[in-house]
Amino acid sequence: MKNISRRNFLQVCGLGIVAAAGASALTGCGGDSGSSSAGSTGGSSDSKVEAIKARGKLNCGVKADVLGYGYLNTETNEYEGLEIDLCYQVAAAVLGVSYDEAKEQKLCEFTTVTPKTRGPLIDNDSLDIVCATYTITPEREEDWDFSTSYRTDSVGIMVMKSSGIAEMADFDGKIIGVSQGSTTKDAILTMFEEKEIGATPEFKEYPDYPSINSALESGNIDAFAMDRSTLNTYMNDQKELVQPDIEFGTQDYGIATKKGSDLSDVVENTVVELLDNGWMDEEISTWLGASA
């Protein structure tokens, strides 16, 4: 894994981060019921950190359908993955406990987010952070603060092996399913233009990844395009990536917080510390294995 530029690095002492990885002991699936209390309640009205301390828990927006990152295990009804563990590291830093204590005491309240809902839930203070394969872009940085990237991925286009689609040029007139609010469509069009691929596909947006996958398997669309880490969740023997050697649409994932929040500095320094001390590399190996 490549470490991204350490932008806006502020030295903060006493974060109390314990670089220990382990199995998650997480809260069950919930909507906004437990985490919808406004982040500005309690403590200083302009301090997100004090509000979290007064509440005693960190409200986190995560994915529930991306294996290795944020996944709701239906057998245990608990969230698990690299980004879930990362949320507990942030909670430990804010609340002044160890990482293990944050997990044991379940100091994170998780809410499943989609590309369309994650930003608004930060804005209305339902969530303190979003750690959900959230790609850092200049446009998004105008509206929210982002940490240094903790993981880099690229876009892939997945098809059924029986589709007859073997190369990018075969997408002319085909329908590609993408997620609402994602940057995937633009990444594909930019790649086609840069590589002078003479194809004009159609795009259809869906509210979540399972919906796109179902549309692909039922033949309603010809391809499912998204970050490769997400596609890996839905890959099986009947599916394949089209020209996987073509890497495009680099996605740098960061933790998003409210613009100008004092929480942003804590999150930034937590991520940088975890990149420096090797904890992130261990998590990537644990949760992503060969796909890392």
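You'll find the structure just up there.
Residues numbered from 1 in each chain as written. Predicted model: local features only at pLDDT ≥ 70, side-chain atom pairs only at ≥ 80, totals over all residues. Heavy atoms only, no water.

Describing the environment of G198
Move 1: Within the element layout of this structure, G198 appears in the loop between α6 (184–194) and β10 (202–206).
Move 2: Each C-alpha atom of the pair G198 and A169 lies 6.1 Å from the other, and the pair is 29 residues apart in sequence. (Helix = DSSP H or I, 4+ residues; strand = E, 2+ residues; numbered from the N terminus.)

Some details on empty space enclosed by the protein
Move 1: Taken as a whole and judged by the stated rule, the model has 1 cavity of 30 Å³ or more.
Move 2: Volume-wise, the largest cavity comes out at about 80 Å³.
Move 3: Along its surface, the largest cavity is lined by 13 residues, and R118, T135, S182, M226 and D227 are the ones closest to its centre.
Move 4: For the lining of the largest cavity, the residue count by class is 3 nonpolar, 6 polar and 4 charged. (1 Å grid on protein atoms, 1.4 Å probe; cavity = no way out; pocket = protein on both sides within 12 Å on 5 of 7 lines; lining within 4 Å. Points joined across faces, edges and corners; volume = space filled by probe spheres on them. Nonpolar A, V, L, I, M, F, W, Y, C, P; charged D, E, K, R; others polar.)

Focus: the packing of helix α2 (residues 82–95) against helix α10 (residues 279–288)
Move 1: Closest axis-to-axis distance for the α2/α10 pair is 10 Å, and the angle between their directions is 150°. When the interaxial angle is binned, α2 and α10 end up roughly antiparallel. Crossing handedness for the pair α2 and α10: right-handed. In this structure, α2 contributes L82, D85, L86 and Q89 to the contact, and α10 contributes W279, M280, E283, I284 and W287. (Axes fitted to C-alpha atoms, helices over the stretch in contact; angles between N-to-C directions. Parallel < 35°, antiparallel > 145°, perpendicular 65-115°, else oblique. Left-handed = near helix turned anticlockwise from the far one by under 90°. Contact = heavy atoms within 4.5 Å.)

Points about the packing of aromatic side chains
Here the distance between the centres and the angle between the planes together describe a pair of aromatic rings.
Move 1: Scanning the entire structure with this criterion turns up 7 aromatic pairs.
Move 2: Look at Y134 and W144: their rings are 6.3 Å apart centre to centre, the planes differ by 45°, and that puts the pair in the tilted class. Of this pair, Y134 sits in the loop between β6 (129–130) and α5 (138–141) while W144 is found in strand β7 (residues 144–146), placing the two residues 10 residues apart along the sequence. Residues Y134 and W144 agree in their burial class; the two are buried.
Move 3: Every member of this aromatic cluster is reached through a ring pair, and the members are Y79, Y88 and F110. (Phe/Tyr/Trp six-rings, centres within 6.5 Å; stacked < 30°, edge-to-face > 60°. Buried < 20%, exposed > 50% of the residue type's maximum accessible area, 1.4 Å probe, protein only.)

Points about the side chain of D128
Move 1: You can see D128 is positioned in the loop between α4 (118–123) and β6.
Move 2: Look at D128 and you get buried, because its relative accessible area is 1%.
Move 3: Of note is the side chain of D128, whose polar atom sits 2.7 Å from the side chain of R55. (Polar contact = N/O pair within 3.5 Å; in protein donor to acceptor, adjacent residues only side chain to side chain.)

Considering unusual backbone geometry
Move 1: Of note, the phi angle at D125 is positive, near 70°, even though the residue is not glycine.
Move 2: A residue is classified by how much of its surface remains accessible, and D125, at 10% relative accessible area, is buried.
Move 3: Even without a glycine there, the phi angle at T133 is positive, about 40°.
Move 4: Tracing the sequence through the fold places T133 in the loop between β6 and α5.

Structural notes on the sheet that holds strand β5 (residues 108–112)
Move 1: Taken in spatial order, the 5 strands of this open sheet run β5-β1-β6-β14-β7, and their pairing is mixed. The outermost strands of the open sheet, each flanked by one partner alone, are β5 and β7.
Move 2: Bridge analysis of strand β1 (residues 58–62) against β5 gives 5 bridges, and the strand direction is parallel. Looking at β5, one finds that C60 is bridged to F110. (Pairing = 2+ DSSP bridges.)

In short, the description is geometric, and any link to function would need to be established separately.
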